[in-house]
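Below, each chain spelled out in residue letters.
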Amino acid sequence: MEWMYSLDNIRKQMEEEGHVYLLAYEECEAAGYVSVQQQEENLFHLQKIYVLPYYQGAHCGSFLFREAIKYIKEMHPEPCLMELNVNRHNKALHFYEHMGMKKLREGDFPIGNGFYMNDYIMGLEI
(Lines give C-alpha, C1' and ligand atoms only; values in the text may rest on other atoms or scores of the structure.)
Protein backbone atom coordinates (compact mmCIF):
# COMPACT_ATOMS: atom_id res chain seq x y z
CA MET A 1 0.00 0.00 0.00
CA GLU A 2 2.74 2.44 0.95
CA TRP A 3 4.55 1.84 -2.36
CA MET A 4 1.49 1.94 -4.62
CA TYR A 5 -0.12 4.96 -2.98
CA SER A 6 2.87 7.02 -1.91
CA LEU A 7 2.83 10.67 -2.93
CA ASP A 8 5.93 10.13 -5.05
CA ASN A 9 4.34 7.21 -6.91
CA ILE A 10 1.07 9.07 -7.52
CA ARG A 11 3.01 12.12 -8.70
CA LYS A 12 5.02 9.91 -11.09
CA GLN A 13 1.82 8.31 -12.40
CA MET A 14 0.34 11.73 -13.12
CA GLU A 15 3.41 13.54 -14.43
CA GLU A 16 5.20 10.76 -16.31
CA GLU A 17 2.64 8.05 -17.07
CA GLY A 18 -0.42 10.15 -17.93
CA HIS A 19 -2.76 9.00 -15.17
CA VAL A 20 -5.65 11.37 -14.51
CA TYR A 21 -7.23 11.22 -11.07
CA LEU A 22 -10.83 12.30 -10.49
CA LEU A 23 -11.94 12.74 -6.88
CA ALA A 24 -15.46 12.48 -5.46
CA TYR A 25 -16.43 14.60 -2.49
CA GLU A 26 -19.46 14.46 -0.23
CA GLU A 27 -19.79 17.88 1.34
CA CYS A 28 -16.11 18.69 2.04
CA GLU A 29 -14.96 15.11 2.62
CA ALA A 30 -13.19 12.99 0.02
CA ALA A 31 -15.31 9.89 -0.63
CA GLY A 32 -13.38 8.13 -3.41
CA TYR A 33 -11.38 8.43 -6.59
CA VAL A 34 -10.90 6.98 -10.05
CA SER A 35 -7.75 6.98 -12.18
CA VAL A 36 -7.77 6.76 -15.99
CA GLN A 37 -4.81 6.42 -18.36
CA GLN A 38 -4.74 6.56 -22.14
CA GLN A 39 -2.71 3.60 -23.38
CA GLU A 40 -3.21 3.75 -27.14
CA GLU A 41 -5.01 6.06 -29.53
CA ASN A 42 -8.35 4.31 -29.02
CA LEU A 43 -7.69 2.56 -25.70
CA PHE A 44 -8.05 3.91 -22.19
CA HIS A 45 -7.47 1.97 -19.01
CA LEU A 46 -9.38 2.51 -15.80
CA GLN A 47 -6.40 2.00 -13.50
CA LYS A 48 -8.00 2.44 -10.11
CA ILE A 49 -11.38 3.06 -8.59
CA TYR A 50 -11.80 3.25 -4.85
CA VAL A 51 -14.61 4.36 -2.58
CA LEU A 52 -14.22 4.68 1.17
CA PRO A 53 -16.25 1.99 2.97
CA TYR A 54 -18.62 4.56 4.49
CA TYR A 55 -19.69 5.69 1.00
CA GLN A 56 -19.93 2.25 -0.57
CA GLY A 57 -23.53 1.48 -1.46
CA ALA A 58 -24.32 5.20 -1.86
CA HIS A 59 -23.71 5.21 -5.67
CA CYS A 60 -20.34 6.93 -5.33
CA GLY A 61 -18.66 4.17 -7.35
CA SER A 62 -21.14 4.44 -10.21
CA PHE A 63 -20.74 8.24 -10.13
CA LEU A 64 -16.95 7.90 -10.43
CA PHE A 65 -17.30 5.29 -13.17
CA ARG A 66 -19.59 7.60 -15.19
CA GLU A 67 -17.22 10.53 -14.60
CA ALA A 68 -14.34 8.46 -15.99
CA ILE A 69 -16.39 7.77 -19.13
CA LYS A 70 -17.33 11.44 -19.38
CA TYR A 71 -13.66 12.44 -19.09
CA ILE A 72 -12.63 9.95 -21.80
CA LYS A 73 -15.37 11.21 -24.15
CA GLU A 74 -14.19 14.79 -23.61
CA MET A 75 -10.58 13.83 -24.37
CA HIS A 76 -11.42 11.44 -27.22
CA PRO A 77 -14.80 12.09 -28.89
CA GLU A 78 -14.40 9.21 -31.35
CA PRO A 79 -15.49 5.71 -30.29
CA CYS A 80 -12.90 3.91 -28.19
CA LEU A 81 -12.48 1.16 -25.64
CA MET A 82 -12.11 1.48 -21.88
CA GLU A 83 -10.57 -1.54 -20.20
CA LEU A 84 -9.80 -2.48 -16.63
CA ASN A 85 -8.25 -5.37 -14.79
CA VAL A 86 -10.19 -6.91 -11.91
CA ASN A 87 -9.23 -9.89 -9.81
CA ARG A 88 -11.31 -12.92 -10.73
CA HIS A 89 -12.53 -13.18 -7.10
CA ASN A 90 -13.14 -9.47 -6.47
CA LYS A 91 -16.71 -8.73 -5.40
CA ALA A 92 -16.52 -5.56 -7.56
CA LEU A 93 -16.76 -7.81 -10.63
CA HIS A 94 -20.55 -7.63 -10.40
CA PHE A 95 -20.40 -3.84 -10.16
CA TYR A 96 -18.42 -3.62 -13.41
CA GLU A 97 -20.83 -5.99 -15.16
CA HIS A 98 -23.73 -3.88 -13.89
CA MET A 99 -22.02 -0.81 -15.39
CA GLY A 100 -21.98 -2.56 -18.79
CA MET A 101 -18.47 -3.98 -18.92
CA LYS A 102 -17.86 -7.37 -20.50
CA LYS A 103 -15.12 -9.92 -19.82
CA LEU A 104 -12.76 -9.78 -22.79
CA ARG A 105 -9.98 -12.09 -21.63
CA GLU A 106 -8.12 -13.18 -18.53
CA GLY A 107 -4.51 -13.12 -17.49
CA ASP A 108 -2.09 -13.97 -14.71
CA PHE A 109 0.32 -11.10 -14.15
CA PRO A 110 3.44 -11.42 -11.95
CA ILE A 111 3.70 -8.69 -9.33
CA GLY A 112 6.88 -9.88 -7.61
CA ASN A 113 7.99 -12.28 -4.90
CA GLY A 114 6.18 -15.17 -6.61
CA PHE A 115 2.78 -13.48 -6.44
CA TYR A 116 0.41 -13.06 -9.37
CA MET A 117 -2.62 -10.96 -10.12
CA ASN A 118 -5.24 -13.35 -11.50
CA ASP A 119 -7.44 -10.94 -13.42
CA TYR A 120 -10.22 -10.60 -15.89
CA ILE A 121 -9.63 -7.84 -18.41
CA MET A 122 -12.99 -6.22 -18.92
CA GLY A 123 -13.96 -3.72 -21.58
CA LEU A 124 -16.59 -1.19 -22.47
CA GLU A 125 -17.03 0.47 -25.87
CA ILE A 126 -17.55 4.18 -25.38
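Reading the values: rules and limits
Residues numbered from 1 in each chain as written. Predicted model: local features only at pLDDT ≥ 70, side-chain atom pairs only at ≥ 80, totals over all residues. Heavy atoms only, no water. Pairing = 2+ DSSP bridges. Helix = DSSP H or I, 4+ residues; strand = E, 2+ residues; numbered from the N terminus. Axes fitted to C-alpha atoms, helices over the stretch in contact; angles between N-to-C directions. Contact = heavy atoms within 4.5 Å. 1 Å grid on protein atoms, 1.4 Å probe; cavity = no way out; pocket = protein on both sides within 12 Å on 5 of 7 lines; lining within 4 Å. Points joined across faces, edges and corners; volume = space filled by probe spheres on them. Nonpolar A, V, L, I, M, F, W, Y, C, P; charged D, E, K, R; others polar. Buried < 20%, exposed > 50% of the residue type's maximum accessible area, 1.4 Å probe, protein only. Polar contact = N/O pair within 3.5 Å; in protein donor to acceptor, adjacent residues only side chain to side chain.

**A short note on the sheet that holds strand β4 (residues 81-87)**
Reasoning step 1: Ordered in space as β1-β2-β3-β4-β6-β5, the six strands form an open sheet in which the pairing is mixed. The outermost strands of the open sheet, each flanked by one partner alone, are β1 (19-26) and β5 (102-112). Ignoring which end each strand starts from, the neighbouring axes of this sheet average 30° apart.
Reasoning step 2: Bridge count between β4 and strand β6 (residues 115-125): seven bridges; the pairing is antiparallel. The residue bridging N85 from the neighbouring strand is I121, located in β6.
Reasoning step 3: The sheet strands contacting helix α2 (residues 60-75) are β1, β2 (29-40), β3 (43-51), β4 and β6, and the helix crosses β3 at an angle near 155°.

**Re the layout of surface pockets**
Reasoning step 1: Of the voids in this model, the largest pocket is the one considered here, and its volume is about 1600 Å³.
Reasoning step 2: Lining the largest pocket are 43 residues, with Q47, K48, I49, N90 and Y96 sitting closest to its centre.
Reasoning step 3: For the lining of the largest pocket, the secondary-structure elements that each account for two or more residues are α1 (7-16), β2, β3, α2, β4, α3 (93-98), β5 and β6.
Reasoning step 4: A per-element tally of the lining of the largest pocket places β3 first, with eight residues.
Reasoning step 5: Considering only residue class, the lining of the largest pocket consists of 22 nonpolar, 15 polar and six charged.

**Section: the environment of Q37**
Reasoning step 1: In this structure, Q37 sits in strand β2.
Reasoning step 2: In this structure Q37 comes out as buried when scored by relative accessible area, which is 12%.
Reasoning step 3: Along the backbone, Q37 and Q13 are 24 residues apart, and their C-alpha atoms lie at a distance of 9.1 Å.
Reasoning step 4: Leave out the neighbours within four places in its chain, and Q37 touches E17, G18, H19, L43, F44, H45 and Q47.
Reasoning step 5: A distance of 2.5 Å separates polar atoms of two side chains, one belonging to Q37 and the other to Q47.

Function cannot be inferred from these measures alone, as they are strictly geometric.
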